[in-house]
Amino acid sequence: MSELFLGHPFIAPVIELARQAGEVILPYWRADVAVTSKADDSPVTAADLAAHHLIFDGLTALDPSIPVLSEEDADIDQSVRAAWQRWWLVDPLDGTKEFIAGSEEFTVNIALIEEGRVVFGVVSMPTSGRCYFGGAGLGAWRSDVNEAPRQIQVREAPGLGESFTVVASRRHSSPEQERLLKGLSEGLGELKLANIGSSLKFCLLAEGSADCYPRLAPTSQWDTAAAQGVLEGAGGEVLELSGAPFSYPARESLLNPFFLALPAKAAWRERLLSLARS
């Protein structure tokens, strides 16, 4: 696999790290794992922490000069983060609520960030062994167990007989998001909603199985960065509601603004932005 990425020697070892993190997560899946709450009331389990330690140690060994910002080690002062030019942004177990519920829809997310922009991202699905990876200018790939990686690409429009498909979260929506979906339906016809957990929402777009992912509800930086890299590599983009490219500056808060994920050349792009601003 590494010969595909001579321009980025970190991708292959990060894919391997994500795979290893999945291996330490799986013994806790559908087991009687203890759940505790963090300060923001989000759940955390021993699986999250085991994956965090493995990834942190692996990334540090890969290049000790690159700092790591992980969901499970995020209490790093903004003044420190503001000095970083390049860093890792990690969610060791994205979709902890799905994991606790016994769903397969949880992932390991690792992204390399440079000056606030995603260089590349790796999204690994421990239950299936599937892995998505890519970045702007690098392309994007999906790898399945015992199969060679295949390049993936967004679709600019649904195929003949297919519905315009909007990806949504199983657990999060908002009145603003519902209004946007209503406006899209009025312009594009009846929408098909694809409900799925974790960063797999971006990956559905990246492989051409869906058309749009509007998120007008809270997320954190580690929830989105890795999958944004995959989507951008596949010809997609992630925008703030203003239309500005979605980035990861060293803000005091690690919460993201609302965003829109879509194919970069979609004919309905301006309509979506107009609806999001209204």
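The present account deals with the structure reproduced in this document. (Residues numbered from 1 in each chain as written. Predicted model: local features only at pLDDT ≥ 70, side-chain atom pairs only at ≥ 80, totals over all residues. Heavy atoms only, no water.)

### So, the pairing of strand β13 (residues 236-240)
- β13 sits mainly inside the fold: 4 of its 5 residues count as buried.
- With 5 bridges connecting them, β13 and strand β14 (residues 259-263) associate as antiparallel partners. Its bridge partner being in β14, glutamate 240 is matched across the sheet by phenylalanine 259. (Buried < 20%, exposed > 50% of the residue type's maximum accessible area, 1.4 Å probe, protein only. Helix = DSSP H or I, 4+ residues; strand = E, 2+ residues; numbered from the N terminus. Pairing = 2+ DSSP bridges.)

### Section: the side chain of histidine 8
- Relative to the helices and strands, histidine 8 is located in the segment before α1 (11-25).
- Here histidine 8 falls in the buried class, since its relative accessible area comes to 16%.
- Those residues within four positions of histidine 8 in sequence are excluded, and the remaining contacts are Leu112, Val119, Phe120 and Leu138. (Contact = heavy atoms within 4.5 Å.)

### Brief notes about helix α5 (residues 175-188)
- A rise of 1.5 Å per residue sets the reference length of α5, with its 14 residues, at 20 Å; its end C-alpha atoms lie 20 Å apart and thus fit the reference within 8%.
- Two residues or fewer after α5 comes glycine 189, characterised by a positive phi angle close to 90°. (Expected span 1.5 Å × (residues − 1).)

### Let's talk about a negative patch on the surface
- Taken together, the side chains of Asp73, Asp75, Asp77 and Glu252 present a region of like negative charge at the surface.
- Residue placement: aspartate 73 occurs in the loop between β3 (68-70) and α3 (78-81).
- Looking at aspartate 73, the relative accessible area reads 33%, which means it is partly exposed. (Patch = residues over 30% accessible without salt bridge, like charges linked within 9 Å, V, L, I, M, F, W, Y side chains within 5 Å. Areas by Shrake-Rupley, 256 points an atom, 1.4 Å probe, with all protein chains shown as cover. Salt bridge = Lys/Arg side-chain N within 4 Å of Asp/Glu carboxyl O. Lys, Arg positive; Asp, Glu negative; His and termini not counted. Charge placed at Lys NZ, Arg CZ, Asp CG, Glu CD.)

### A few points about the pairing of strand β5 (residues 107-114)
- Where burial is concerned, most of β5 is hidden: 7 out of the 8 residues are buried.
- By the bridge criterion, 7 bridges tie strand β4 (residues 86-94) to β5 in an arrangement that is antiparallel. Its bridge partner lying in β5, leucine 89 is registered against alanine 111.
- Where β5 lies against strand β6 (residues 117-125), 7 bridges are found, and the strand directions are antiparallel. Among the inter-strand pairings, isoleucine 113 is bridged to a residue of β6, identified as valine 118.
- Once β5 ends, the chain turns through 2 residues before running back antiparallel as β6, passing glutamate 115 with a positive phi of about 50°.

### Quick look at the nonpolar core
- Leu69, Ile113, Phe202 and Leu231 are the most contacted members of the largest nonpolar core, which totals 38 residues.
- Excluding residues that lie within four positions of it along the chain, isoleucine 113 makes contacts with Gln85, Arg86, Trp87, Leu89, Val118, Val119, Ala225 and Tyr248.
- By size, the runner-up hydrophobic cluster in this structure holds 30 residues, among which are Ile25, Ile66, Val90 and Val122. (Core = buried A, V, L, I, M, F, W, Y, C linked by side-chain atoms within 4.5 Å.)

### Points about the pattern of salt bridges
- Taken as a whole and judged by the stated rule, the model has 13 salt bridges.
- The salt bridge partner of aspartate 144 is arginine 130, with a shortest N-O separation of 2.8 Å. In this pair, aspartate 144 is assigned in the loop between β8 (139-143) and β9 (150-151) and arginine 130 in strand β7 (residues 130-135), connecting sequence segments 14 residues apart.
- By relative accessible area, which is 15% here, aspartate 144 ends up buried.
- Take arginine 130: its relative accessible area is 23%, and that puts it in the partly exposed class.
- When salt bridges that share partners are traced, they join Arg130, Arg142, Asp144 and Glu207 into one network.

### Section: the sheet that holds β3
- Across the sheet, which stays open at both edges, the 7 strands sit in the order β3-β4-β5-β6-β7-β8-β9 with mixed pairing between neighbours. Of all strands in the sheet, those with a lone pairing partner are β3 and β9, marking the two edges.
- Bridge count between β8 and β9: 2 bridges; the pairing is antiparallel. Bridge assignment links tryptophan 141 to a residue of β9, and that residue is glutamine 151.
- Packed onto the sheet, α1 meets β4, β5, β6 and β7 and runs at close to 40° relative to β6. (Axes fitted to C-alpha atoms, helices over the stretch in contact; angles between N-to-C directions.)

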